[in-house]
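# Fold and contact review
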Amino acid sequence: GEADLIICELMSRLEGNQSLKGLKGVIYRDNGKIIKNPPSPTITNLDDLPFPDRSIFDIGSYTGLFCILTSRGCPYSCNFCSRPVTGKLFRGRSPKNVVDEIEFLLNTYPEYAVKQGRLFTILDEHFAVDKARVIGICDEIIKRNLNIRFILPNGIHVASADLEMFKKMKEAGCEAIYFGVESGNDEILRIMKKSSSRVLIKRAVDLCHEVGIRAGGHFEIGWQGETVET
């Protein structure tokens, strides 16, 4: 599960050679026996978490330091996904909190911002679960006149594609969205529990093109039941 609330305690116990008994979210060995503690609690208010401390990195060595995570969780059940880490419950940071981090990075690392062309990478599992929140983030970027660019390499689910939302994202600086296409065959998509179809995939890409956002895709070749024909 999510480690934010237990990682410091875990480090303290390891450094002090203390027992890990009862520490939520931890699975460990005790004299060869596997002990599975209860899962760590789900963090419901992400605004309570501080921004990541990027000062510990050699910023000049990185080309993508302006990466941000604006939400956790995904309501879909694709059977290849690592979503069990953050769970099915979607939790989004507030638009103000998200854009506060963007502005903080621009002001804290101005030279890096210029070097990167003011490009931000949004790494959410599914950025567009809450359409109103997405539009709120975009409105906040526009209101503050931040003049940024951003991309979504993890993308959004094709079923959430929406013309009004894409127009607002384009206005706020969105340049590319990658969709989890996975397969061009409806039966393989069903086996994957992808909750999508060729029709929905094409519609999502067409809407991107309509507003001038570059569309990309992730694909899986050789899934269970896959044949040369599929």
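Our subject is the structure listed above.
None of these values were measured; they are calculated from a predicted model.

Scoring rules and cut-offs
Residues numbered from 1 in each chain as written. Predicted model: local features only at pLDDT ≥ 70, side-chain atom pairs only at ≥ 80, totals over all residues. Heavy atoms only, no water. Core = buried A, V, L, I, M, F, W, Y, C linked by side-chain atoms within 4.5 Å. Buried < 20%, exposed > 50% of the residue type's maximum accessible area, 1.4 Å probe, protein only. Helix = DSSP H or I, 4+ residues; strand = E, 2+ residues; numbered from the N terminus. Contact = heavy atoms within 4.5 Å. Patch = residues over 30% accessible without salt bridge, like charges linked within 9 Å, V, L, I, M, F, W, Y side chains within 5 Å. Areas by Shrake-Rupley, 256 points an atom, 1.4 Å probe, with all protein chains shown as cover. Salt bridge = Lys/Arg side-chain N within 4 Å of Asp/Glu carboxyl O. Phe/Tyr/Trp six-rings, centres within 6.5 Å; stacked < 30°, edge-to-face > 60°.

### What to know about the nonpolar core
- Membership of the largest hydrophobic core comes to 42 residues, with the highest contact counts inside it found for Phe150, Phe166, Met169 and Ile177.
- Those elements giving two or more residues to this core turn out to be α2 (95-108), α3 (110-115), β6 (119-122), α4 (131-143), β7 (149-156), α5 (163-172), β8 (174-182) and α7 (198-211).
- Once you skip the residues sitting within four places of it in the chain, Met169 turns out to touch Phe127, Val134, Cys138, Phe150, Leu152, Cys174, Ile177 and Ile213.
- In terms of nonpolar packing, the next biggest core, distinct from the first, is built from 6 residues, Leu10, Leu20, Val26 and Tyr28 among them.

### Describing a nonpolar patch on the surface
- Taken together, Ile7, Met11 and Leu14 make up a surface patch of nonpolar side chains, about 250 Å² in accessible area.
- Within the secondary structure layout, Met11 lies in helix α1 (residues 7-15).

### Focus on the packing of aromatic side chains
- Applying the stated criterion across every chain, the model contains 4 aromatic pairs.
- Relative to Phe104, the ring of Phe51 lies with its centre 5.9 Å away and its plane at 45°, an arrangement referred to as tilted. Placement of the pair is Phe51 in the loop between β2 (33-36) and β3 (67-68) and Phe104 in helix α2, with a sequence separation of 53 residues.
- Take Phe104: its relative accessible area is 37%, and that puts it in the partly exposed class.
- Ring pairing ties together the aromatic residues Phe66, Tyr112 and Phe120, which thus form one cluster.

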